[in-house]
Amino acid sequence: MNSGGMNARIGYIAFNTFREAVRDRVLYNLIAFALLLSGAAILVGEVSIDIERLVVVNLGLTAVSLFGVIIAILIGIGLVSKEIEKRTLYTVLSRPVRRWEFVVGKFFGLTGTLVVNTFFMAVGVFLALLYVAHKFEKMDAWVLVALYFIVLQFLIVCALALFFSSFSTPLMSAVFTFALFVIGSLAEDLRGFAIITQGVAGLLAKAIAYLVPNLSALNMINQVAHGDAIPSRLILYNTVYALLYSAMAISGAVLIFQRRNLK
Amino acid sequence: MAAIEILDLEKSYLVGFWRKRPKVALRPLRLTIEEGEVFGFLGPNGAGKTTTLKLLMGLVFPTAGTARILGRDMDDPQVKSQVGFLPEQPYFYDHLTARELLNYYGQLSGVPAKGRSARVEQMLARVGLSDSAGVQLRKFSKGMLQRVGLAQAILHDPKLVFLDEPMSGLDPMGRREVRDLIQQLRHEGKTVFFSTHILSDAEALCDRVGVIHQGELRGVGAVAELTSETQGRVEIVFFAEKVPAGLANLGAETRVSGDMVNAVLPEQQQDAALDLLRRERIQLISLTPVRRSLEEYYIQKLRPAEERQEDERREENRKGASV
C-alpha cells in the first residue's frame, strides 16, 4: 500500500466522519443554542452600559467554547466504541485499511466538523459584536486569535475523547473526558498548587499538573474581551503544545486500538 | 494454489470479573480451501464459525497459530484488497444511502475513481437495490441490509469472498437470490467460504463442507462423497394395498400410502425381497440405495466423541461385512 493510498484512505474516513456528524440533528440543536446565547449576550450587553463589547465577547466566546466541547465529547466518545458496538467497523477493517488510519481519519473528521461549527458560531459572535459596536475595531482581531485557541482546545478534547473511546464505554469516556476538561481548565491553578506543595504530595501534584492538558493557557477569552493583545510567542507555544498533546493522545488511542479484539 | 491455509489457528478469551479464566472459542484449526472452491462452514450457533471468520479478517487476534490467504500472510494488508467479507447480521452507517455507502467502501478498497460509480450502480443492480439506491440505510429492512452487505462484499471484485450466515434474515426469495449469487461467483472462478447452519443451502451450493462444534473442527468432506455414501440399505417402492407377508422377516421397515408401499431393508436382503414381490406378482416402481443426507453427516459430527467413535466402528464393521 503506497502512502498516497494511505493518505487518501484517511481522507475518506475523515470525510465520512464529517458527513455523519453534519447529518446528525443534535449538532444543529447545539449550534442553534450557541447562536442563541450570542444573541442573548446582546441583550445582557444592552443593560450593562459601556461594557457591551466585553459582555458580548465574553459570553459569545464562552458559548462557542462550551458548545464546541460538548460536541467534541458527544461525538468523540462514540467515534470508535460506537463503531465497535454497531459492528460498522467490521466492513471497514476487512478492507485494506490499517487500524491507525481509521483512528487518525476519525480524529480529522471530528476536528473538521468542529472547525466548521466554530466558523458558524464565530460568525454569530462577530455579528453580535457588529450589532453592539456598529463597526469592527482593530482589537477584534484578537477575538480571532482567542477563537483559534478555542479550536486548539477542541483538538485536545477530541483526541482525549478518542483516546478514552478506544478502550472504554461511551459513558465512561464522556465522564473521563469531561473530568479532564474541567481539571485542564484549572491547570494553571494546579501548577501553582504543585509549586507550593512539598514532598510526595508535591511530586504527585506536579505529575498530575503536567499530565493533564493545560487548557487554561488556551483560554484567552477574558483578555480579548478587555481588548488586550496576545503575544505572538504564545500563539506559537500554544499551537505546538496543542499539536503535541493531541498527537500523544491519538498515539495512545492507536496503541490500544491496534491490540483490541473486536468481539 | 490454496486460497486459504489455516495453520493451527486458535483463540481463547479471558472471561470472568475477578478471577479471569480462559474460555476456548476455537481449538487449533487446520484447514485448507482450494482456489475456486465453494466451502461451507457448518455448525450450530456459538460453534466458532464467526470467530474463525473474524480471525481471518484480522478483527480479533489469534491466541496461537496463523493462516495464509491467497499465498500471503493473513496480517498482510495487501490481502484485504483481494478479499470480500459479509459479517453476520451486518449493520452499516445508517446516515448514508446505499449508493454513498458502496462508493465509500469502493474508495477504501482502492477501486479506481474512474469507473467506480459505474461499478457501484452495477452492484446495486446485481442485488436488486437500484430503486432504493438513494434511500438512507436507516430506512432499510433487514433483508435489504443483507443485500447491501452482499454488494459491498463483492464490490471490488475480490478473488475470495467470506460470507458469515449470508442467508440469515432473508425470505425464501431472498435466500434463493443469494444462492444464485454464490453460484455466479463460483462460475466466475471465485473462492467462496461461507458459514451457515442451513444445511439445505450448504448441500445445494458447496463443493466441500466442514463441521465445527464447540470450537473444534469435527469433520471435512466433499458434499458429493458424503451424500453418495450408501447406508447399506435399499428403498423399494411398489404397488400394493397392504404389505406382503414375509417382508417383515427380511428386516424391512414399511410404510403404506394409498396403493403404494415403501419398504427400506438391508442391502443383503434386496434379492430376497425382489423374489418375494415377483412371486406375489406385485408391480415394482423403484429400487434405490439409501443415501446419507448432509443432515445425517452433520448430526453425526455433532455427537459426543464416544458416540462418534462407536458410529465409526459400526460403519467399519458394516463395510467389512459387505466386502
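As the structure is a prediction and not an experimental result, all values here were calculated from the model. (Residues numbered from 1 in each chain as written. Chains lettered and ligands numbered in written order. Predicted model: local features only at pLDDT ≥ 70, side-chain atom pairs only at ≥ 80, totals over all residues.)

Asks: Looking at this structure, I do not really get the overall build of chain B. What am I missing?
Replies: When you go through chain B residue by residue, the secondary structure sums to ten helices and 14 strands. Taking 323 residues into account, the globule formula puts the C-alpha radius of gyration at 20 Å, and chain B, at 25 Å, lies well above it. By its C-alpha atoms, chain B is 80 × 50 × 40 Å across when sized along the principal axes. Burial status across chain B gives 37% buried among its 323 residues. Restricting to contacts in chain B with at least 6 residues of sequence separation, those with at least 24 account for 68%. (Helix = DSSP H or I, 4+ residues; strand = E, 2+ residues; numbered from the N terminus. Rg over C-alpha atoms; globule rule 2.2 N^0.38 Å. Buried ≥ 20, exposed ≤ 12 C-beta atoms within 10 Å, placed from the backbone. Contact = placed C-beta atoms within 7 Å.)

Asks: Sorry if this is basic, but what is going on with the overall build of chain A here?
Replies: The secondary structure content of chain A amounts to twelve helices and zero strands. Mapped in sequence order, the helices and strands of chain A form the string α-α-α-α-α-α-α-α-α-α-α-α. Relative to the 2.2 N^0.38 estimate, which gives 18 Å for 263 residues, the radius of gyration of chain A is 20 Å and therefore close to what a compact globule would have. Viewed in the frame of its principal axes, chain A has a C-alpha envelope of about 60 × 50 × 35 Å.

Asks: Looking at this structure, I do not really get the sheet that holds strand 1 (residues 2-15) of chain B. What am I missing?
Replies: By way of backbone hydrogen bonds, the strands of a sheet pair with one another, either parallel or antiparallel. Residue and element names in this part refer to chain B. The antiparallel open sheet is built from four strands, whose spatial order is 2-1-4-5. Unpaired on one side and paired on the other, strand 2 (21-34) and strand 5 (72-73) mark the two borders of the sheet. Examined bridge by bridge, strand 1 and strand 2 share eleven bridges and lie antiparallel to one another. In the strand pairing of strand 2, Lys11 is matched with Leu26. (Pairing = 2+ DSSP bridges.)

Asks: Help me out: how do you make sense of the pairing of strand 12 (residues 253-257) of chain B in this one?
Replies: Successive side chains on a regular strand alternate, one facing one side of the sheet and the next facing the other. All names here are of chain B. Of all five residues that make up strand 12, zero are buried, and the element is exposed over most of its length. Both strand 12 and strand 13 (residues 260-266) contribute to a ladder of five bridges, which runs antiparallel. The residue bridging Glu253 from the neighbouring strand is Val264, located in strand 13. The turn linking strand 12 back onto strand 13 is made up of two residues, and Gly258 within it adopts a positive phi angle of 65°.

Asks: Whenever I open this one, the confidence of the model for chain B confuses me. Can you help?
Replies: It should be kept in mind that the predicted coordinates are not to be read in detail where pLDDT is low. The predicted model of chain B averages 90 in pLDDT, with 98% of residues at 70 or higher. Here the complex is predicted with pTM 0.85, and the ipTM for its interfaces comes to 0.87. (pLDDT = per-residue confidence, 0-100.)

Asks: Can you walk me through the nonpolar core in this structure?
Replies: Considering soluble globular proteins, one finds that nonpolar side chains tend to be buried as a cluster. All names here are of chain A. Ala72, Cys158 and Leu162 are the most contacted members of the largest nonpolar core, which totals 152 residues. Broken down by element, this core gets its largest block of residues, 19 residues, from helix 7 (residues 140-165). Not counting residues up to four positions away in its chain, the partners in contact with Ala72 are Leu110, Leu114, Phe154, Val157, Cys158 and Ala161. (Core = buried A, V, L, I, M, F, W, Y, C linked by C-beta atoms within 7 Å.)

Asks: Quick question: what am I supposed to make of the packing of helix 7 of chain A against helix 8 (residues 170-185) of chain A here?
Replies: Working note: a packed helix pair is described by the angle between its axes plus the distance between those axes. Residue and element names in this part refer to chain A. Packing of helix 7 against helix 8 brings their axes to within 9 Å, and their N-to-C directions diverge by 145°. Note on packing geometry: the crossing formed by helix 7 with helix 8 is right-handed. For the pair helix 7 and helix 8, the contacting residues are Val157, Leu160, Ala161, Phe164 and Ser165 in the first and Pro170, Ser173, Phe176, Thr177, Leu180 and Phe181 in the second. Looking at side-chain class alone, the contact of helix 7 with helix 8 contains eight nonpolar, three polar and no charged residues. (Axes fitted to C-alpha atoms, helices over the stretch in contact; angles between N-to-C directions. Left-handed = near helix turned anticlockwise from the far one by under 90°. Nonpolar A, V, L, I, M, F, W, Y, C, P; charged D, E, K, R; others polar.)

Asks: What is the right way to look at the interface of chain B and chain A in this model?
Replies: Where interface size is given, it is often the accessible area lost as the parts come together that is meant. Taken together, the contact between chain B and chain A spans 23 residues of the former and 23 residues of the latter. When residues of the side of chain B that touches chain A are assigned to their parent elements, the largest contribution, four residues, is made by helix 2 (residues 98-108) of chain B. Partitioning the side of chain B that touches chain A into residue classes produces 14 nonpolar, eight polar and one charged.

Asks: Got a minute to help me understand the domain arrangement of chain B in this structure?
Replies: Examined at the domain level, chain B breaks down into domain 1 (2-226), domain 2 (230-291) and domain 3 (295-322). Using only C-alpha atoms to locate each centre, domain 2 of chain B and domain 3 of chain B end up separated by 26 Å. (Domains from an automatic or database assignment.)

Asks: Hey, could you run me through helix 3 (residues 116-126) of chain B in this one?
Replies: Count 3.6 residues to each turn of an α-helix, and residues three or four apart come out pointing the same way. Residue and element names in this part refer to chain B. All of the buried residues along helix 3 are Val120, Met123 and Leu124. For helix 3, the angular spread of the buried residues around the axis is 100°, confining them to a single face. If you follow the buried residues of helix 3, they end up packed against helix 2 and helix 4 (142-154). (Arc of directions from axis to C-beta.)

Asks: Help me understand the environment of Val120 of chain B in this model?
Replies: Residues and elements named next belong to chain B. Checked against the element boundaries, Val120 lands in helix 3. Residue classification places Val120 among the buried positions, given that 24 C-beta atoms sit within 10 Å. Sequence separation between Val120 and Ala151 is 31 residues; the distance between their C-alpha atoms is 8.5 Å. Among all residues touching Val120, those that are not within four sequence positions of it are Arg99, Leu102, Asn103 and Gly106.

Asks: Whenever I open this one, the sheet that holds strand 6 (residues 83-86) of chain B confuses me. Can you help?
Replies: All names here are of chain B. Spatial ordering of the open sheet is given by 6-7-8-3-9-10, a layout of six strands whose pairing is mixed. Because the sheet does not close on itself, it has two edges, and the strands there are strand 6 and strand 10 (216-222). On average, each strand axis in the sheet is tilted by 15° relative to the strand beside it, whichever way the strands run. Pairing geometry for strand 7 (residues 160-164) and strand 8 (residues 191-196), over five bridges, is parallel.

Asks: Quick question: what am I supposed to make of helix 8 of chain A here?
Replies: Residues and elements named next belong to chain A. In a regular helix each residue adds 1.5 Å, so 16 residues correspond to 22 Å; helix 8 covers 22 Å between its end C-alpha atoms and thus fits that length. For helix 8, the full list of buried residues reads Pro170, Ser173, Ala174, Thr177, Leu180, Phe181 and Gly184. Along the axis of helix 8, the buried positions cluster into a sector of 140°, meaning they face one direction only. In helix 8, the exposed positions that point more than 90 degrees away from the buried face belong to Leu171, Ala179 and Val182. Considering only its buried residues, helix 8 is in contact with helix 3 (52-76), helix 4 (78-85), helix 7 and helix 9 (187-196). (Expected span 1.5 Å × (residues − 1).)

Asks: Explain unusual backbone geometry to me, please; I cannot follow it from the model alone.
Replies: In terms of backbone geometry, most residues other than glycine have negative phi values and most peptide bonds are trans. All names here are of chain B. Here Leu70, not a glycine, exhibits a phi torsion of approximately 50°, which is positive. With 20 C-beta atoms packed within 10 Å, Leu70 lands in the buried category. For Asp157, which is not a glycine, the phi torsion comes out positive at approximately 55°. Among the structural elements, Asp157 can be located in the loop between helix 4 and strand 7.

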